[in-house]
Amino acid sequence: MEIVPLGDSALIVRVRERFEDAPDQTLSEVLRTFRRLQDTAIPGVIELAPAYTTVAVFFDPMVVANAAPKPDQALDWLTDRIRAALAPHIRGGRGRAAASPVRLVEIPVCYDPEFAFDLENVAHHAQISLREVVDLHSAVEYRVSCIGFVPGFPFLAGLPKELATPRRATPRKEIPAGSVAIGGAQTGIYPLRSPGGWNLIGRTPLRLFDPEKTPPAFLRAGDRVRFRAITRDEFEALAP
Amino acid sequence: MTATVSHAGFLTSVQDLGRTRYRQFGVSLAGALDVFALRVANLLVGNDESAAGLEITFGGLRLQFSDERIVAWCGGDFDVQIGSTSLPAGHATRLQAREELKFGRPQLGCRSWLAISGGVDAPIVLGSRSTDLRTSFGGFGGRALRDGDVFQLGARPLSQIPATERISSWSASKPWSQTAVSTPVLRFVRGAAWDLFNDVTIQRFTSEVFAVSTDSDRMGVRLEGPELRRDNDVDLISEAVAPGTIQVPSSGKPILLLGDCQTIGGYPKIAHVITVDLGIAAQLRAGDHVRFSEVSLADAHRLLLERESELKRFRIGLSLHAV
């Protein structure tokens, strides 16, 4: 584990160097780190943001400088506090924080051609039928490795290798909200109408980001996710 | 207790100090791109420094209030008028009901922040009154102001009921109120990917001049100039980025991120502009030139602490005037 500055008001705790080698284990370790830091409530820390191999720690340099024994030791003091908070975990202990529950969330997806602009492209790339793409995509369990790009956008690990498809050479200017897509070895869902370069293979009627709700995002890092294929009629019935 | 916008100008939005605590859900910080300028303007009108104000881009704004308010602004080199009287940056003044406040086009810089006593009373969404223009929520209906909009103002704070002659002495020094600089040198600390660039590239980054490209916005300032290529051009795994981060896509053209930037990114982070210089970065507009100069993290923190203690003295000075 290393702790590196992200400008003068944040640090990045790099839990592991690589993600692809062991996505599930890496994610669990990152989330343990995230929860431990959250529980520790270090003075001056404003918020934490986990992503793949890292947890970013955003802080108020003024508060940290006041909390440190000397203002010019602010960063060392904060780094020490972070290391101390994570120490039992680094020694490989399986404390209570490790046993935090992981949610399994089912996402209904309509793979109807009307929504699946790039289903043929994915099928062509994998050299399988459209039906097989849908079956493969909705047969496995995924895990949210990170939320970002736009609010509530889940990057999902666990895509069957056959379905990995390069991003489109020219990104679309506008992708409808709820679009389920494949970008490289990842799958994800566009929560809001936005530009994007991933291959669209379906659409969910669920609203993945709602600023009026707490928390505003439907999914969070670490969630397990399954897609359930639904018909066009079911989509209409579920749409808000 | 309303404000009426007769002309919204190029891009005017409701902003406060930004939306923290929701980065883990991918929510951008948003907020005034120069938080310090808004804080100073707020203090000048007797507001809490975190009150929501207006961020005005390229001027063109005309508005009036239904009741008397104190106003002040800080930012680029704008010509601001009340009737035929001009209101310089960093000066508080009284604006009578139905009197028009008018922002002209800036000579230098591109943004300014207007504070109104009582603040803009936009609903608090995810802990902030800021407009998230990218995701369309918060602020005034999640969008920039338009001609004809009428928005609510908060109750005027009791702390500020000074006589007009006293208000005229409420002013902030020029470095705080007039933040646009011609060919600025932005100070930076090294980013995590600093070592991925060879000496020649680093030399270019720290010695040459970059030009601001036309496709710059509240998300980031795109820079043209010497290309910052890496020998080993692989994408990195996405991790947090923040306003001030300078990332370098494979094009070699660096992007300096601002308040509306994404929460994560996979481009190498060569450097980070220090917090005290973000206000200067917020003034960059297409065609402007900019240079970068390295400082230590300790210096970045020292500069910030110094500015905050100056602001504290300023705040105390103002409160003495108000009694």
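This text gives an overview of the structure that appears in the document.

Turning our attention to unusual backbone geometry. Cis geometry marks the peptide bond from Thr214(A) to Pro215(A); its omega dihedral reads -5 degrees. Its place among the elements puts Pro215(A) in the loop between strand S12 (199-203) and strand S13 (224-230). Even without a glycine there, the phi angle at Ser136(B) is positive, about 60 degrees. Tracing the backbone through its elements, the reader meets Ser136(B) in the loop between strand S10 (108-116) and strand S11 (150-152).

Before going further, it helps to examine helix H5 (residues 130-137) of chain A. Residues and elements named next belong to chain A. Taken residue by residue, H5 has Val133, Val134 and His137 as its buried positions. End-on view of H5: buried residues confined to an arc of 95 degrees, all on one side of the axis. Turning to H5, the residues buried within the fold contact helix H4 (119-126), S12 and S13.

The next thing to look at is the pairing of strand S3 (residues 45-51) of chain A. Burial analysis of S3(A) places five of its seven residues in the buried class, which makes it a mostly covered element. The hairpin turn running from S3(A) into strand S4 (residues 54-59) of chain A, its antiparallel successor, is two residues long, and Tyr52(A) in that turn takes a positive phi close to 55 degrees.

Attention now goes to the environment of Val40(B). Residues and elements named next belong to chain B. With respect to the helices, strands and loops of the structure, Val40 is situated in helix H1 (residues 35-44). For Val40, a count of 27 C-beta atoms within 10 Å gives the class buried. In this structure the C-alpha to C-alpha distance between Val40 and Cys74, which are 34 residues apart in sequence, comes to 7.6 Å.

Another point: the interface of chain A and chain B. In this complex, chain A contributes 39 residues to the contact, which on the side of chain B involves 34 residues. Only strand S1 (2-5), strand S2 (10-14), S3, S4, helix H2 (61-67), helix H3 (74-90) and strand S6 (141-147) of chain A provide two or more residues apiece to the side of chain A that touches chain B. Here the residues of the side of chain A that touches chain B are counted per class, giving 30 nonpolar, six polar and three charged.

Calculation criteria
Residues numbered from 1 in each chain as written. Chains lettered and ligands numbered in written order. Predicted model: local features only at pLDDT ≥ 70, side-chain atom pairs only at ≥ 80, totals over all residues. Helix = DSSP H or I, 4+ residues; strand = E, 2+ residues; numbered from the N terminus. Buried ≥ 20, exposed ≤ 12 C-beta atoms within 10 Å, placed from the backbone. Arc of directions from axis to C-beta. Contact = placed C-beta atoms within 7 Å. Pairing = 2+ DSSP bridges. Nonpolar A, V, L, I, M, F, W, Y, C, P; charged D, E, K, R; others polar.

Any functional reading would require information that these geometric values do not contain.
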